[in-house]
Amino acid sequence: MKDEILSLLSPQYPWRETLAYFPEIDSTNSRLKQLAQEGTPAGTALIAGHQTGGRGRKGRSFFSPEGVGIYLSILLRPQCEAAQLMHLTCATAVAMCDAMERVTGVRPGIKWTNDLVFGTRKLSGILTELGFTPQGGLDYAVVGIGVNCCQRETDFPPEIRDMAGSLAMMTGKNIDRAQVAASMLDALYRMNETLLTGVDAMFTQYRKDCVTLGHPVSLVRGGEVRHAFAETVDEAGALVVRYPDGHREAVNSGEVSVRGMYGYL
Ligand code: BTN
């Protein structure tokens, strides 16, 4: 798998030496965080055939079965403060739309903040984790992405079958996982190049890709549910909503979960 991915990478891709493939691992994000603390360089990427402890956002697990998905984490060491990286998960989502479009010819949407979707089904999730120096400065960012590539609907466990999708379901075609992985690495490298300088252009694209915008949403905060209309995403990645009384609020993803009219989306 690793050689196949390397052979598919563009000639401009500079991080070949620090790509590692594991047939099985607990979590590529957990392993890469350990390596980051040991000083491994920016661009180090881990890809797994299967994760036994794949992690999602908000402490959830990420279903990571053998041979049908890509489970990838990459290490970045941006030269900035953590406060300047509020847009990292949004930038990753746009980069992943680019990567999936290049491989399949179909551009997925983004469910705010950072799920890639096709129709009402989730194709991919993103988990970004930051590490800090003992002095409190930003040390590294681990960006982890799981993509459902080859599954058919019945391959998903019953509890997520109605809301999970794959690139194969999206296109009706067979998917080459090595091509998906190479396209992801290439897009992540390009994202890193403009991470601090191309924020406005990235958000312009993000707002085009984000299927949450322009629709009614339910905001779930603690036990409370409020209905609102999703207007835009601001320059920090917060969702700007308008309530029925006209009041506006910018909500961030740690604080609320957003549901649309179709349950998950
Ligand atoms: C989510 O949907 O909540 C985020 C899922 C992120 C899953 C990826 S798979 C590669 C990397 N390793 C992990 O343990 N998680 C991320």
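Before reading on, note that the structure itself is shown above.
Residues numbered from 1 in each chain as written. Predicted model: local features only at pLDDT ≥ 70, side-chain atom pairs only at ≥ 80, totals over all residues. Heavy atoms only, no water.

Colleague: Can you lay out the sheet that holds strand 4 (residues 109-111) for me, pointing to particular residues and giving the numbers?
Modeller: Taken in spatial order, the seven strands line up as 1-2-3-7-6-5-4 in an open sheet, and their pairing is mixed. Two strands in the sheet have a free side with no partner beyond their single neighbour: strand 1 (19-22) and strand 4. Going across the sheet, the axis of each strand differs from the next one's by a mean of 20°, ignoring polarity. The pairing of strand 4 with strand 5 (residues 115-118) spans three bridges and is antiparallel. By the bridge assignment, Lys-111 is partnered in strand 5 with Asp-115. Contacts from helix 5 (residues 177-193) reach strand 1, strand 2 (45-48), strand 3 (69-76) and strand 7 (138-148), with the element oriented near 25° to strand 3. (Pairing = 2+ DSSP bridges. Helix = DSSP H or I, 4+ residues; strand = E, 2+ residues; numbered from the N terminus. Axes fitted to C-alpha atoms, helices over the stretch in contact; angles between N-to-C directions. Contact = heavy atoms within 4.5 Å.)

Colleague: Could you give an account of the site of the ligand, naming the residues involved and the relevant values?
Modeller: Around the ligand, 18 residues are found, and the nearest of them are Ser-27, Gln-51, Arg-55, Arg-57 and Lys-122. Between the ligand and the protein, one listed contact pairs an oxygen atom with a side-chain N or O atom of Ser-27 at 2.7 Å. Within the side chain of Thr-28, an N or O atom sits 3.0 Å from a nitrogen atom of the ligand. Look at the ligand: alone it shows 410 Å² of surface, and the protein chains cover 97% of it. Each residue belonging to the shell around the ligand can be placed in one class, and the counts come to five nonpolar, 10 polar and three charged. (Near = heavy atom within 4 Å. Polar contact = N/O pair within 3.5 Å; in protein donor to acceptor, adjacent residues only side chain to side chain. Areas by Shrake-Rupley, 256 points an atom, 1.4 Å probe, with all protein chains shown as cover. Nonpolar A, V, L, I, M, F, W, Y, C, P; charged D, E, K, R; others polar.)

Colleague: Tell me about unusual backbone geometry, and name the residues and values.
Modeller: What you tend to see is this: most non-glycine residues have negative phi, and most peptide bonds are trans. Cis rather than trans, the peptide bond between Trp-112 and Thr-113 has omega equal to 10°. Position of Thr-113 among the secondary structure elements: in the loop between strand 4 and strand 5. Phi is positive for Lys-58, close to 55°, though the residue is something other than glycine. Tracing the backbone shows Lys-58 in the loop between strand 2 and strand 3. Using a relative accessible area of 45% as the deciding quantity, one classes Lys-58 as partly exposed. (Buried < 20%, exposed > 50% of the residue type's maximum accessible area, 1.4 Å probe, protein only.)

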